[in-house]
Amino acid sequence: IYDKASLLSYGVVPGGNADRGRELVDSIGCLGCHITDESNFNQVDWYRTRGASLDGVGSKVNREFLYNWVKDPKHYWEDTFMPDLRLTNQEAADITAYLMTLRNEAFEQLPVPELDEAALDEITLEFLQTGLPAAQAEEQLGTMSLEAKTLYSGQRLILRYGCFGCHTIGGFENAQKIG
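What counts and how
- Chains are numbered independently. Their residues run from 1 in the order of the written sequence.
- Confidence filtering applies because this is a predicted model: local features only for residues at pLDDT of at least 70, side-chain atom pairs given and counted only at 80 or more, and all residues used for totals across whole chains, interfaces and linings.
- The side-chain figures draw on all heavy atoms in the structure; neither hydrogens nor water molecules are used.
- Counting from the N terminus, the helices are DSSP H or I runs at least four residues long and the strands are E runs at least two residues long.
- With a 1.4 Å probe rolled over the protein chains alone, any residue whose accessible area is under 20% of its type maximum counts as buried; one over 50% counts as exposed, and the rest are partly exposed.
- Nitrogen and oxygen atoms within 3.5 Å of one another constitute a polar contact, given that in protein one can donate a hydrogen and the other can accept it, and given that sequence-neighbouring residues count only through two side-chain atoms.
- Two residues form a contact once any of their heavy atoms are found within 4.5 Å.
- Here a Phe, Tyr or Trp ring, Trp counted by its six-membered ring, pairs with any other such ring whose centre lies within 6.5 Å, and the pair is stacked when the planes are under 30 degrees apart, edge-to-face when over 60, and tilted otherwise.
- In this description, a nonpolar core means a group of buried Ala, Val, Leu, Ile, Met, Phe, Trp, Tyr and Cys residues linked to one another through side-chain atoms lying within 4.5 Å.
- Axes here mean lines fitted to C-alpha atoms, for a helix over just the part in contact, with angles spanning 0 to 180 degrees between N-to-C directions.
- With respect to orientation, any angle under 35 degrees is reported as roughly parallel, any angle over 145 as roughly antiparallel, any angle of 65 to 115 as roughly perpendicular, and every other angle as oblique.
- Definitions for this section: a left-handed crossing has its near helix turned counterclockwise from the far helix by less than a right angle. A right-handed crossing has that turn clockwise.
- Under the convention used throughout, the expected extent of a helix is 1.5 Å for every residue step, that is, one less than its residue count.
- Along the arc lie the directions from the helix axis toward the C-beta atoms.

J.: Can you help me understand the side chain of T124 in this one?
T.: By the secondary structure assignment, T124 is in helix 8 (residues 117–128). According to the relative accessible area criterion, T124 is buried, its value standing at 0%. Of note is the side chain of T124, whose polar atom sits 2.7 Å from the side chain of S153. Those residues in contact with T124 that sit more than four places away from it in its chain are L141, M144, K149, Y152 and S153.

Written out as structure tokens, the structure reads:
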């Protein structure tokens, strides 16, 4: 996991030209693994993609991260399938400028949901009851802070859904893969 300071110190982002960036994305092979417009996406496209959808990426990440990822993906994730495209700083800046134009206004307008403490208690209790009798689980729930419940439930959700099977998540290196 990289903190914001390390992201920003890895490389200063030069200004880029979005039109030139679009030309580069279209010509250097990015579309062999990624899609940029999900409105034209079909099942055949799904089978040819290896990389994440870039539709709306400008609403999801910041410019510094995107530039540094495009420039050196293995800096962030050494096991990534994304190749080093050997881009110049200007090419990476141009691609970044283009990708940052791919926004999802509807997503950006969504309010950040409020934490539903009752739902968190229900989820935490369900997880506690997988290893404790109901009375002990309820007792332990009563002693947990909001942060402890959030962290515990988050860890259990990561285990349940097997997120660590595809993503490198600290603390789950030795967890048994699902499936």
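Picking up after the structure, the text goes on.
J.: In this structure, what is going on with the packing of aromatic side chains? I would like to understand it.
T.: Aromatic ring pairs are reported here in terms of the distance separating the ring centres and the angle at which the planes meet. Inspection of every chain in the model, using the stated rule, returns 2 aromatic pairs. With 6.2 Å between their ring centres and 25° between their planes, F65 and W69 make a pair best called stacked. Of this pair, F65 and W69 both sit in helix 4 (residues 63–71), 4 residues apart, which is roughly one turn of the helix. Relative accessible area serves as the criterion here: at 18%, W69 is assigned to the buried category. Relative to F172, the ring of F164 has its centre 5.8 Å away and its plane inclined at 5°; by these criteria the two rings are stacked. Using a relative accessible area of 10% as the deciding quantity, one classes F172 as buried.

J.: How should I be thinking about the environment of Q176 in this particular structure?
T.: Here Q176 shows up in the segment after helix 10 (146–161). Each C-alpha atom of the pair Q176 and G165 lies 8.6 Å from the other, and the pair is 11 residues apart in sequence.

J.: Help me out: how do you make sense of the nonpolar core in this one?
T.: Across soluble globular proteins, you tend to see nonpolar side chains buried next to one another. Within the largest apolar cluster, 17 residues are counted, with the highest numbers of intra-cluster contacts made by V70, I95, L99 and L102. Sorting the residues of this core by element identifies helix 2 (18–27), helix 4 and helix 6 (89–99) as the ones contributing at least two each. It is helix 6 that provides the largest number of residues to this core, a total of 5 residues. Excluding anything up to four places from it in sequence, L99 contacts L54, V57, G58, L66 and V70. Core analysis: the next-biggest nonpolar cluster, separate from the first, contains 7 residues, L125, F127, L128 and L141 among them.

J.: What am I meant to see in the packing of helix 8 against helix 10 here?
T.: Any two packed helices are characterised by how steeply their axes cross, that is the angle between the axes, and by the distance between the axes. For the pair helix 8 and helix 10, interaxial distance at closest approach is 9 Å and the crossing angle is 55°. Taken together, helix 8 and helix 10 sit at an angle that is classed as oblique. Regarding helix 8 and helix 10, the two cross each other, and that crossing is left-handed. Contact residues: helix 8 offers E117, L120, D121, I123, T124, E126, F127 and L128, while helix 10 offers L146, K149, T150, Y152, S153, R156, L157 and R160.

J.: I'm lost on helix 10 in this one. Help?
T.: Within an α-helix, residues lying three or four positions from one another point in the same direction, as the helix has 3.6 residues per turn. End to end, helix 10 covers 22 Å across 16 residues, agreeing with the expected 22 Å (1.5 Å per residue, within 8%). By the burial criterion, the buried members of helix 10 are K149, Y152 and S153. Each buried residue of helix 10 sits inside an arc of 95° when the element is viewed along its axis, so together they form one side. Exposed and oriented more than 90 degrees from the buried face of helix 10 are E147, L151 and Y161. Next to the buried residues of helix 10 lie helix 8 and helix 9 (134–143). After helix 10 finishes, the residue G162 shows a positive phi value of roughly 70°.

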